[in-house]
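Structural characterization, general
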Amino acid sequence: MKVVKMLLGVVVGVAFACPAARAVAQEIDCEAARCTIQAEIDEECPCAEAKNHGRYTACVARVVNRAARAGTIPKKCRNKINGCYIRSTCGKRDGVVLCDQAGDGVSGRCRPLASEEKCLKRGGTVVSSCCDTCGGDPTPTVTSTGPTPSATPGAPTATPGAPTASPEATASPEAT
């Protein structure tokens, strides 16, 4: 009986020790992984040539899955990377914009909407991408006028009349 209690204590101790070991596991940076394959996605799945959104996202998924199988990106990042491209306007009809709606949960998200007017009515802001850019600048980048013609995540977007940030305007940490 004493042996059974001792073995039971060891088993219980091991069961509680394992989750703690997982909790200290290092977090995976999926944005860095996306940036690793950004050029490959842009080359194989050009946004401007997308026949429709479904074909575009299927193309992106093929590139992402191939990179995961090759070990270029972590397999755990596939859904997050694909989600970034799913929330683009590539292959969608003209006039569709990316709308960043403030708040948490279902109401607070960035997604394509049919027009700038619908985005503004819902209290959102038209942006060029729903994902961080690969150049290190945080996104979403706010556009001031008109719909954004394309939204390849991470790619710079030129919108006529929209303010642009130049690298010279950014203060460097050494300058302060």
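Above this note sits the structure.
Let me sum up the structure you'll find in this document. (Residues numbered from 1 in each chain as written. Predicted model: local features only at pLDDT ≥ 70, side-chain atom pairs only at ≥ 80, totals over all residues. Heavy atoms only, no water.)

Next up on the list: the sheet that holds strand β2 (residues 110–113). Remark on secondary structure: sheet strands pair via backbone hydrogen bonds, oriented parallel or antiparallel. Across the sheet, three strands lie side by side as β2-β1-β3; this open sheet has antiparallel pairing. Here the strands that pair on one side only, and so sit at the sheet edges, are β2 and β3 (124–127). Ignoring which end each strand starts from, the neighbouring axes of this sheet average 40 degrees apart. The sheet contact formed by strand β1 (residues 97–101) and β3 spans four bridges and is antiparallel. (Pairing = 2+ DSSP bridges. Helix = DSSP H or I, 4+ residues; strand = E, 2+ residues; numbered from the N terminus. Axes fitted to C-alpha atoms, helices over the stretch in contact; angles between N-to-C directions.)

Once that is clear, we can look at the state of the cysteines. Under the criterion given, the structure shown has seven disulfides. The disulfide partner of C35 is C134, and the gap between their sulfur atoms is 2.2 Å. Of note, the bridge from C35 to C134 carries an S-S torsion of about -95 degrees and is left-handed in sense. Of this pair, C35 sits in helix α2 (residues 30–44) while C134 sits in the segment after β3, and the two are 99 residues apart along the sequence. (Disulfide = S-S within 2.5 Å.)

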